[in-house]
Every structure is written in C-alpha cells, then in structure tokens.
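Letter by letter, the chains look like this.
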Amino acid sequence: MKNMERELVCPVCKEMYKQPLALPCTHNVCHVCASEVLLQNGHLYCDPTSEPTSPAATPSTRSPRLGRRAVPKPDRLDRLLKSGFGTYPGRKRGAVHPQTVSFPCPACQRDVDLGERGLGSLFRNLTLERVVERYRQTINISAAIMCQFCKPPQLEATKGCTECKSSFCNECFKLYHPWGTQKAQHEPTPPTLTFRPKGLMCPEHKEEVTHYCKTCQRLGCQLCRLCRVRRTHTSHKITPVLSAYQALREKLTKSLAYILSSQDTVQTQIAELEETVKHTEVNGSQAKEEVSQLIQGLCAMLEEKRATLLQAIEECQQERLASLHGQIREHQAMLENSGMVGYAQEVLKETDHPCFVQAAKQTLLVVRPSVRPECRNIPSPASGRLPALGGGGMLPDAGRRLSPAAPEAPVIDTQRTYTYDQIFLCWRLPQHSPPAWHYTVEFRKTDAKAKGLKLWQRREEVRGTCALVEYLDTDSVYVLRVKGYNKAGFGDYSEDIYLHTPPAPVLNFFLDNRWGFNRDRLAISKDQRAVRSVPGIPMLFAAERLMTSCHLSIDLVIGDVAITQGKSYWACCVDPSSYLVKVGVGLESKLQEWFQVPQDVVSPRYDPDSGHDSGAEDATVEAPPPYAFLTIGMGKILLSHGSALTSRDPNGCTVPLPPRIGICLDYEQGKVSFYDAVSFRELWECGVDCSGPVCPAFCFIGGGALHLQELVANKQERKVTIGNFAKLD
C-alpha cells in the first residue's frame, strides 16, 4: 500500500483524489479540479450532481419522494423514448450541431471530448475512492475523524450517515435525526471523510448501472441501453454488467498473477542491467584514459620528431649555403683574372716545344678552374632522406605519393552468373582494387555467319555488382564485359564471358497441388516450385514386394499449365542424393489416367532396364509415346542412346548430373530434348505424342527432391535492367 501513493495523487492538485472522475482517456481527476480546469478554459460549468454540504440540503430533505423513486418499467422506458426522452434544459431538440465540451487531460496532455453534458457525462470512480480511503487508514490509522456539526471544541465523530453524507458525534446524530421524521430511518455507519453512493449511478439518467457496452467500453443503465440501441449504438455488443465484471476480473487476476510471478525475474534482470551499467561506466572511463594517454604520447613523439626534422633541415641548409658561397667566390676570382686569358692565348702561339711546356705549366696554375662540389639539395619531407617517425616511415618518398587510381578490371562471378529467361550477370573487384563509383555493362550477340562484328550495347552508371540483361534472342550466344569508374576515370574491362541463351522461350509454371499426387509420400512447398519425396512407411511395405519380383510404385506430380503450341523451355534442379527421379513431359489425358491407376511393374511403358519411359524401345508401337522421361538417380543420368540397357553393361551409359536440367518441348515437331542447363549441351532427344495438351511431369521412386528454376525477372531486389542501349563504334 505504501508504494502506490503516486497512483493515488491527482495530477492537478497533487493531493489524494477527492471524488475522482474517470475520463474517457482512462485517467482520473478530482471533481473540483476538473471544474476549475473547465473554468480556466472558458467553460461555465454548473454541476447538477454536486454533493450536498449539510444535512439540511440533502435530496431526501428537499423531497422525500426522491429517496423512494422506483426504477421505471420497460414499457415505461419505451414510452419515454418515443416521446423524446433525453432532452434537457439548454438544448434544443433536433439541434444539428450540438456544442461539445473539450477537456485537456493533465496526465496525457490530450484534449478529451466530454460530449454535450461535460463533466455530467463522467462516472465517479468509486473503486479509486475506496482505495484512497484504505490507504489513508494504513498510513495514518490513529487520526481521529471529528464531528462536522459540533461547535468548538469539536468532539470525535462516532457515527456517519450515507444519506446525509456527514459524520456526527452521538449528540449531533440524535439532534439531526429526530424521532418521527424521515431522517430517523437513516442507518448509521462508521464515521468517514468521504461518502459514496451504495452503487455506481448513471451520470445521465441517475439510474443504477446494469449494462456494459463492449464496443464503446462504457457502462450504462437500462435507459442507456434502450436509447443507444435505437439510436447511435445499433449492432453494438451490450452485455450485463455481471458478465463484464467476471470477464474483466478474471483477466486482471491473470495479469496480476503473471506480474507477481515474474517479479523475481525482473529484479534479477534489473540487477544485471545495473551491473552492466557499472561495467560500462568503468570501461568508458578506462577507454577515455587510454585514449588520452595515447594521444599525449603521439603528440610528444610528433613534437620530438618535429624538432629533429627542423634541426636536420637547418644543418643541410647551412651546408648547402656554405658550398654555394664558395662557388660564388671562385667564379668571382675567375672574372678578376680575365687578363690571364689573353696571356694564355699568346702562349698558345709559341712553337718552341720546351719553351711552351715551361710557360704552359705556369699559366695552368693561374687559370685552372676549381672543381665544383656536388650540388646537393636540401632535404624535404618528400625527399625520403629525413629520419623516419617511429621506424614506420610516416613521410613517404616523392615517387610514392598517393594519387587517385582507376578501378582494376572486374572479375566475373561465374558461380552466380547464369542464363534463363534473362541473363543474370555478377562480378566483383579484386581485393586491393580502388573502389568504383559505378560500372558500365556491355554486351553483344555473336554470329559466326555474319561478315562483321555487331556493335556493343551498353548501360552506364550501373549501381551495385550485378545486373539483368533482358530482351535477348533465343538459342544465341552473347559476349559480356564490365568496367568500373571513379574519380580517376574508367578502369580496364573484365575478361569477356560467353553465355548461351535457352533454345526456346522460357515457360513459367508451378507444381499442381490440387489433385492427383500422393500426399503421403510427396510434399510440395508453399510457393509450389519445389517438391520432396518422403517414402516413409509405404517404402518399407514396398520392400517386401521386392522379394516377390514386384517393383515400387511411381509417385507423379505435374505442372499447372498445359502446352498446346510452339516451343517451350524450362529448367529444374534435382537433388544429387535422390534415389530415382524422372523429369519430362506427357499427354494431359494419359497423366490423368496415371493418377487414377498408379504405375508399377505391370505398366507396359516402364522397363527398368531401358533408362527412360519414352517407349522408344518398343518396336511394335509405331505411334509416338504419350510421355517421355529422363531418368536420374544417385547423382547420375542414365542415357540409353536409343537401345535397351542391361545391368551388366553400366559403363558408357551414364553421365554426371549437372547442376540444372533443361527440358525443351517442340509441340509442332512432336519431340522433346533434354539439356545440361549450364552449358546447354544436349543430353538426349526423343519423340512424344502431341495430339493433345502436354504437361511438364516429374516422377519419384523412393526418396528425392527437386525444385524449378526461378525466373531471373523475379529477382527484383537485385534487378538492374539493361535497356535503352547506346551503341558503340
């Protein structure tokens, strides 16, 4: 009780609640405080439900009939509603725009709409009053309640009257409740400072609350219920107040029990958070101190190196100046001895050899120029001859100055690049390459029959490291390259990559999960693009049939589209660990018959040694088979090459399973081809009956999984469309 005092304080007067009113925003405020707030905001409010201040002003004294007023009967309520019940003085019946009262809630700082009646439409929070009274008794149990009618000195009150809303001593109670009057029937109660009605009353009709509107979340009386149902609260959920009491009490009890049960956990978490706060503060202080010491050390080292560099520069400068001054003096001396030049010229005219040698030696001692010392430059921070800082060479050589560099040639990511309905091209920069602002993607179609090369098509300012290339021709080879750009300009092109497009337009479809497939052994994903075979118990039961020369049954799933014309291509990925999977096509009518009668060893079209279910090995059947499948199992593809295979000749009849299998159906030609969808190398081709709609089909024997290839156009998050191409010369 002592910890909840802040919940019992009015946000306006900062004191304990006195006759609190419940606002529509779920906050509470004292009745007197609410009236003062309305007056401050310019609303002249006269409360018709104000409490009496003396026994002489009680409603029972003014009119004894009011105390004995009975609740109107339902038929009476109907007549009141039909006659215009609900109007009151000051309001015109049928007013189009009634004035409403806006109350600024001091707790949530929002304007609350109180309607036309203002505070008269608010309920009194009797529960909060009782809590406040119990709290007062807890913190100040010895405080005595004095009689409100004794002349000084006042005596301690011994009785209270709910009807009179006052506390009395014994003598005053007898005085104000004389025998033979209506007030003598008032029942005495223990003295108190606050008097409340026995039950919650409707503020509008002054009737006992009996119903609760779940839609409006508001209590109401019988009159409110009839009035609202017929007017503005049509179709609202109205329940008896007892039902609302039970539901809310149960909900509050559960919430309170959960809070109480989790208090230990919350306390533990608070302790952990406080400990974390302490560690954070300590670690932050240590980090600040370490950074300060490090910066101080760096500053001291820089200052020391600065003094060393300045001293070295000064010494080099003095040495250079001394050398230059000496050279200047020597050259000036040469100019002063210019008369010796003429003498030397005359000496050269001497023809007597011994005399010339004697004179020349004397002349050379005078006119011989001094050897110029090596000219050395003053070291600078860019010369590289200054002492290195910290042994790490903070001052680089002039030839090693950093300058902007263009990006290196990008590297095409062949693992992520592939071709389907469009080309999805990915690349990356080398590890130590300068960054690129954007890229230019170029491509062109290669045609061996064409005389000249086709022009490059390109898209500039491609952001990111991947792009989509669309609007391509089928069964063609395209060459692509990429280059980066930054402040230094364009970098080198990447190596050319050649990609082959599918032999026919790509068919987009999903796996049909509506009918036919065995739900016990096949599981289709939510996006209907993947299927997984789970043999389970049926596989164990089928194992017994193997001992009696029976084969396992085949589980079949088909696509949700049927092909009736043209050429179509699609691709799928088969799990290498699958036991036995067949991919291909079949007539829709025959596939439906297959669903009705699952195929097993009695099927004339299934020979386990033939490798495929095309029926091509049956020489007695001239018509093309109704379906054709490529057999895949244990990471291998079984190729029959048009002849039946035996278990004794396994070599040369299998190829490794590629990452993706491509299927191309030519409806007009009545044939189906199977490809390695990565290199577009043809694996096998056979005929198929195309007299009706043909559907993609997939068969499973034992465990296995596959998923359909996703369209490149669906990769919106990585899509950079190559369109509006500019041609290069």
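Up top is the structure these notes are about.
The text that follows walks through the structure, step by step, so that each part is easy to find. (Residues numbered from 1 in each chain as written. Predicted model: local features only at pLDDT ≥ 70, side-chain atom pairs only at ≥ 80, totals over all residues. Heavy atoms only, no water.)

This part takes up the overall build of the protein chain. When helices and strands are tallied, the protein chain shows 13 helices and 35 strands. Buried residues in the protein chain amount to 35% of all 729 residues. Taking as baseline every contact in the protein chain between residues at least 6 positions apart, the subset at least 24 positions apart corresponds to 63%. Put simply, the protein chain shows about 45800 Å² of open surface, and 53% of that area lies on carbon and sulfur atoms. (Helix = DSSP H or I, 4+ residues; strand = E, 2+ residues; numbered from the N terminus. Buried < 20%, exposed > 50% of the residue type's maximum accessible area, 1.4 Å probe, protein only. Contact = heavy atoms within 4.5 Å. Areas by Shrake-Rupley, 256 points an atom, 1.4 Å probe, with all protein chains shown as cover.)

Sheet architecture is open: three strands sit in the order β2-β1-β5, paired in antiparallel fashion. Of all the strands in the sheet, the pair left with one neighbour each is β2 (28-30) and β5 (123-124). Pairing of strand β1 (residues 20-22) with β5 involves two bridges; the strand directions are antiparallel. Across the sheet, the residue bridging to Leu21 is Arg124, located in β5. (Pairing = 2+ DSSP bridges.)

Among the nonpolar cores identified, the biggest contains 53 residues, and Tyr569, Trp570, Val583, Ile637, Ile661, Leu665 and Phe698 are the most heavily contacted of them. At five residues, strand β24 (residues 567-574) tops the list of elements feeding residues into this core. Shared between two domains, this core holds at least three residues of each, these being domain 3 (411-501) and domain 4 (511-598 + 625-641 + 651-714). Listed in part, the 24 residues of the second largest apolar core include Met16, Cys33, Leu128 and Val132. (Core = buried A, V, L, I, M, F, W, Y, C linked by side-chain atoms within 4.5 Å. Domains from an automatic or database assignment.)

Here the focus is the sheet that holds strand β11 (residues 238-240). Reading across from one edge, β10-β9-β11 is the order of the three strands in this open sheet, with antiparallel pairing throughout. Strands at the two margins of the open sheet, each flanked by one partner only, are β10 (218-220) and β11. Taken pair by pair, the neighbouring strands of this sheet meet at an average axis angle of 30 degrees, ignoring direction. The pairing of strand β9 (residues 211-213) with β11 spans three bridges and is antiparallel. Bridge pairing in β11 places Cys213 opposite Ile238. Set on the sheet, helix α8 (residues 241-261) makes contact with β9, β10 and β11; between it and β11 the angle comes to about 85 degrees. (Axes fitted to C-alpha atoms, helices over the stretch in contact; angles between N-to-C directions.)

Below, the discussion takes up the pattern of salt bridges. As enumerated under the stated definition, the model contains eight salt bridges in all. Two residues, Arg124 and Glu129, come together in a salt bridge whose shortest N-O distance is 2.3 Å. The pair Arg124 / Glu129 is uniform in exposure class, with both members buried. Note that Glu250 and Lys254 form a salt bridge whose closest N and O atoms lie 3.4 Å from each other. Remark: Lys254 and Glu250 occur in helix α8; sequence separation between them is four residues, near one turn of the helix. (Salt bridge = Lys/Arg side-chain N within 4 Å of Asp/Glu carboxyl O.)

With that out of the way, let us pick up unusual backbone geometry. Both trends apply: most residues other than glycine have a negative phi, and most peptide bonds are in trans. Its identity as a non-glycine residue notwithstanding, Thr26 has a phi of 75 degrees, on the positive side. Within the secondary structure, Thr26 sits in the loop between β1 and β2. Not every positive phi belongs to a glycine, and Gln109 is a case in point at roughly 60 degrees. Secondary-structure assignment places Gln109 in the loop between β3 (102-104) and β4 (111-113).

This model, assessed by the stated rule, comprises 14 aromatic pairs. Centre to centre, the rings of Tyr569 and Phe680 are 6.0 Å apart; their planes meet at 35 degrees, and the pair counts as tilted. Of the two residues, Tyr569 is situated in strand β24 and Phe680 in the loop between β30 (671-676) and β31 (681-687); the sequence distance between them amounts to 111 residues. Among the residues examined, Tyr569 registers a relative accessible area of 1% and is labelled buried. Owing to a relative accessible area of 11%, Phe680 belongs among the buried residues under this scheme. By the ring-pair criterion, three or more aromatic residues cluster together here, those being Phe149, Phe168, Phe173 and Tyr176. The positively charged end of Arg481 is found above the aromatic ring belonging to Trp456, 3.9 Å away from the centroid. Taking NZ or CZ as reference, Lys483 lies 4.3 Å from the ring centre of Phe490, over its face. (Phe/Tyr/Trp six-rings, centres within 6.5 Å; stacked < 30°, edge-to-face > 60°. Lys NZ or Arg CZ within 6 Å of the ring centre and 35° of its normal.)

Time to look at the side chain of Glu442. Positionally, Glu442 belongs in strand β15 (residues 438-446). Take Glu442: its relative accessible area is 0%, and that puts it in the buried class. A polar contact is formed between the side chain of Glu442 and the side chain of Arg481, at a distance of 2.9 Å. (Polar contact = N/O pair within 3.5 Å; in protein donor to acceptor, adjacent residues only side chain to side chain.)

Along the polypeptide, Phe103 turns up in strand β3. A relative accessible area of 0% places Phe103 in the buried class. Beyond its immediate stretch of four places on either side in the chain, Phe103 contacts Leu23, Val29, Ala34, Val37, Leu38, Arg110, Asp111, Val112 and Leu114.

A cluster of nonpolar side chains, contributed by Val291, Leu294, Ile295 and Leu298, occupies part of the molecular surface with about 360 Å² of accessible area. Mapped onto the secondary structure, Val291 falls in helix α9 (residues 263-336). Among the residues examined, Val291 registers a relative accessible area of 49% and is labelled partly exposed. (Patch = residues over 30% accessible without salt bridge, like charges linked within 9 Å, V, L, I, M, F, W, Y side chains within 5 Å.)

On to empty space enclosed by the protein. One pass over the full model with this rule turns up two cavities of 30 Å³ or more. Each pocket or cavity is described by its volume, and for the second largest cavity that value is around 30 Å³. Along its surface, the second largest cavity is lined by Tyr420, Leu507, Phe509, Arg529, Trp570, Ala571, Leu708 and Gln709. Residue classes in the lining of the second largest cavity are distributed as six nonpolar, one polar and one charged. (1 Å grid on protein atoms, 1.4 Å probe; cavity = no way out; pocket = protein on both sides within 12 Å on 5 of 7 lines; lining within 4 Å. Points joined across faces, edges and corners; volume = space filled by probe spheres on them. Nonpolar A, V, L, I, M, F, W, Y, C, P; charged D, E, K, R; others polar.)

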